[in-house]
Amino acid sequence: MSPAAAAFKTDSKLERILSQGDFAVTAEIGPPKSASSKGVRSNAAMMKDVTDGQNLTDNQTAIVRLSSLAASVHVKEAGGEPIMQMVCRDRNRIAMQSDILGAYSLGIRNLVCLSGDHQSFGNQQTAKNVYDIDSIQLINMVRRMRDDHVLLSGEEIKVAPPKMYIGAAANPFADPFEFRVLRLEKKINAGADFIQTQCVFDLERFARFMELVVKRGLDKRVHILAGVTPAKSDKALRYMKTVPGMMVPDSLIERMAKAENKEEEGLNIAVETIKAMRQIPGVHGVHIMAIAWESAVPVIAERAGLLPRPAIREETAQAAPAEGKKTAD
Amino acid sequence: MIVAEQKPIAEIDRLLEGAKKVLIVGCRECVTVCQAGGEKEVNTMASALRLLWATSGRNPGAEILTETLERQCEPEYIEQIVKVAGEVDAILSLACGVGVQYLAERYPVWVVPGLNTKFAGGALEQGVWTEKCGLCGDCILYKTGGICPVIRCSKSILNGPCGGSHNGKCEVNEETDCAWQLIYDRMTKLGKVDRLLEIEPPKDWSKSRDGGPRKVVKEEIRI
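Residues numbered from 1 in each chain as written. Chains lettered and ligands numbered in written order. Predicted model: local features only at pLDDT ≥ 70, side-chain atom pairs only at ≥ 80, totals over all residues. Heavy atoms only, no water.

1. Section: the nonpolar core
Ile100(A), Leu138(A), Leu184(A), Phe206(A), Phe209(A), Val286(A) and Ile288(A) are the most contacted members of the largest nonpolar core, which totals 73 residues. The element contributing the most residues to this core is helix 6 (residues 135-148) of chain A, with six residues. Not counting chain neighbours up to four residues away, the residues in contact with Phe206(A) comprise Pro172(A), Phe173(A), Thr197(A), Val200(A), Ala226(A), Met277(A), Ile280(A) and Val283(A). Judged by nonpolar contacts, the second largest core, of 24 residues, contains Val3(B), Ile12(B), Ile24(B) and Leu115(B). (Core = buried A, V, L, I, M, F, W, Y, C linked by side-chain atoms within 4.5 Å. Buried < 20%, exposed > 50% of the residue type's maximum accessible area, 1.4 Å probe, protein only. Helix = DSSP H or I, 4+ residues; strand = E, 2+ residues; numbered from the N terminus. Contact = heavy atoms within 4.5 Å.)

Following this line, the structure appears as structure tokens:
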């Protein structure tokens, strides 16, 4: 390993992009409610050259779907850069550590640590939730597995510790607002390397949040990727307004209601939002969550001027995974 | 206290199918306070079953006896009904799950629960009780301003609040207060909000339900 490469915590491609100061683009792929890998693979193929990483959600909204671990492997095999999501709802610390070891052995290098949506939202409402550990404890566990080579119990990982680039979520639109920045700081202290925020519709509140983040110097300690969701209709926006922890200004809903071509307007709003976010100090990238509308991702990336995606530059390339490398270690 | 509520009468009817002589046993402790299984509820239950069986023609000729014990969680009180328990073919316990088990361990007859045992909690207002303690075996209330996240947060998050906290309410439903909003508000009022910046480490669940019954032993009072 060269001296330059030694500065990196992992061999994640996303880490290289963010470390070299490029404005990063990640996007979400929702695994299917089936055992088919087709959609995940085709979405990965579509997104791999227009984004720097693809998030694979972990049974989001507590609906049973193809696992984020398996979906991450499909993305990897389709040429993408999987960002595996892991929630605390369904697994205890034994299962989580086991899956982290397994994921790393299959070539996954990015892990986003989340609480998870409550099971009462999903299609298994009589399930028992686990929450053996919470998202901040999970972040810290993954960091210690990587940096200290220990399991949560303190037992040493003697060979091949999993070296994950660690992501976490932040929600500037949840309450209490003043504590949101402090909780973000807790996540950074626990070991988060990058943050993907809840989707931003209310740019004014997001800017206020980022102001506090910058004031505390947190943007120097973590890479913040702002969440963007294109909406297909004013009805979709109205629904999102009712979701706890989301804020949608009425002016946006009115604008969408008036639009003749609503999908086009949804794309316009997303593009404008990204352009505005780039002007906000401390924002290091965007995370596009085009739920059930993955084909919007390349369009938005193009129109927002995010293409072509930057290459990993020479000085940061040293430890990057070789092109076409087998996923298995 | 332990808070319980009665099972629907139709379910109790099914549980007692074929019984010829039933003893309903109440308890004067928690379930009396939460009005689920005290003497009053025992008598009401007896009347309800008699009426149901008389009008439906089910369990014809079945006899119902009643007793209410000081406590159903101590062997000496369980012993008090030894005579009548020997005369019946079924016992309906209106105590919490603890009482049902004490009766079942002591008497070789069909013992069924008349209540669903809900939680450790207290009164919120007249006729309303709420859960307060998760019985986790390792109290951290001193860290959270006296508000328990283990049981009052829907996700038992120890470093909250999660992203679903909205206007002081939990994402799960509008009626549930976000425990972490309450904790934040109280710690702010106490001038101790900086303590919430410390990362609370993973909980030692071996002190909670870990696959077997827990025991408390107080050596100095053992005989």
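2. What about the pattern of salt bridges?
Residue and element names in this part refer to chain A. Throughout the structure, instances matching the rule amount to 44 salt bridges over all chains. Arg 41 is paired through a salt bridge with Glu 77; the nearest N and O atoms lie 2.7 Å apart. Here Arg 41 is found in helix 3 (residues 38-47), whereas its partner Glu 77 is found in helix 4 (residues 68-77), with 36 residues between them in sequence. For Arg 41, a relative accessible area of 28% puts it in the partly exposed group. According to the relative accessible area criterion, Glu 77 is partly exposed, its value standing at 46%. Between Lys 220 and Asp 219 there is a salt bridge, with its nearest N and O atoms 3.3 Å apart. The exposed category is assigned to Lys 220, whose relative accessible area is 71%. Each of Lys 9, Arg 143, Arg 144, Arg 146, Asp 147, Asp 148 and Asp 193 takes part in one network of salt bridges that share partners. (Salt bridge = Lys/Arg side-chain N within 4 Å of Asp/Glu carboxyl O.)

3. Thoughts on the interface of chain A and chain B
Every contact between the two is made by 31 residues of chain A and, on the other side, 27 residues of chain B. For the pair chain A and chain B, the summed buried area comes to about 2500 Å², and 56% of that belongs to carbon and sulfur atoms. Our enumeration of links across chain A and chain B arrives at 20 residue pairs in polar contact (both at pLDDT 80 or more). Going through the elements one at a time, helix 6 and helix 7 (177-190) of chain A are the ones with two or more residues in the side of chain A that touches chain B. For the side of chain A that touches chain B, the per-class residue count stands at 13 nonpolar, nine polar and nine charged. (Buried area = accessible area lost by both parts, 1.4 Å probe. Polar contact = N/O pair within 3.5 Å; in protein donor to acceptor, adjacent residues only side chain to side chain. Nonpolar A, V, L, I, M, F, W, Y, C, P; charged D, E, K, R; others polar.)

4. Some thoughts on the pairing of strand 8 (residues 283-288) of chain A
All names here are of chain A. With five of six residues buried, strand 8 lies mostly within the body of the structure. As judged from the four bridges shared by strand 1 (residues 24-29) and strand 8, these two strands associate in the parallel manner. Bridging from a neighbouring strand, Val 25 pairs with Val 286 of strand 8. Of the strand pairs in this sheet, strand 7 (residues 223-228) and strand 8 are connected by five bridges, and their pairing is parallel. What sits directly across from Leu 225, in strand 8, is Gly 285. (Pairing = 2+ DSSP bridges.)

5. Remarks on the side chain of Glu41(B)
Residues and elements named next belong to chain B. Within the fold, Glu 41 resides in helix 3 (residues 39-56). Looking at Glu 41, the relative accessible area reads 9%, which means it is buried. Leaving out residues up to four positions away in the same chain, Glu 41 has contacts with Gln 6, Gln 35, Ala 36 and Leu 94.

6. Things to note about the domain arrangement of chain B
Quite often, the size of an interface is put as the accessible area lost when its parts meet. As assigned here, chain B comprises domain 1 (2-119) and domain 2 (135-197). Centre-to-centre, using C-alpha coordinates, domain 1 of chain B lies 38 Å away from domain 2 of chain B. (Domains from an automatic or database assignment.)

7. Considering the sheet that holds strand 5 (residues 165-170) of chain A
Residues and elements named next belong to chain A. The sheet built from eight strands closes into a barrel, its strands ordered 1-2-3-4-5-6-7-8 with parallel pairing. On average, each strand axis in the sheet is inclined to that of its neighbour by 30°, with strand direction left out of account. Pairing of strand 1 with strand 2 (residues 53-56) involves four bridges; the strand directions are parallel. For Ile 29, the partnering residue across the bridge sits in strand 2 and is Leu 56. Here helix 4 sits on the sheet and contacts strand 1, strand 2 and strand 3 (82-87); the angle it forms with strand 3, its principal contact strand, is near 180°. (Axes fitted to C-alpha atoms, helices over the stretch in contact; angles between N-to-C directions.)

8. Considerations on the packing of aromatic side chains
By convention here, two paired aromatic rings are described through the distance between centres and the angle between planes. One pass over the full model with this rule turns up two aromatic pairs over all chains. Aromatic side chains Tyr165(A) and Phe194(A) sit 5.2 Å apart centroid to centroid with 25° between the ring planes, which places their arrangement in the stacked category. A residue pair is termed long-range when its members are at least 10 positions apart, and Tyr165(A) in strand 5 and Phe194(A) in strand 6 (residues 194-199) qualify at 29 residues. As far as the burial class goes, Tyr165(A) and Phe194(A) line up, both buried. An angle of 50° between the planes, with centres 5.3 Å apart, marks the rings of Phe179(A) and Tyr184(B) as tilted. Taken together, the residues span two chains, with Phe179(A) in helix 7 and Tyr184(B) in helix 8 (residues 179-189). Classification of Tyr184(B) as buried rests on a relative accessible area of 10%. Of note, Arg16(A) hangs over the ring of Phe8(A), and the distance from its end group to the ring centre comes to 4.0 Å. We note Arg109(A) situated over the ring of Tyr104(A); from NZ or CZ to the ring centre the distance is 3.7 Å. (Phe/Tyr/Trp six-rings, centres within 6.5 Å; stacked < 30°, edge-to-face > 60°. Lys NZ or Arg CZ within 6 Å of the ring centre and 35° of its normal.)

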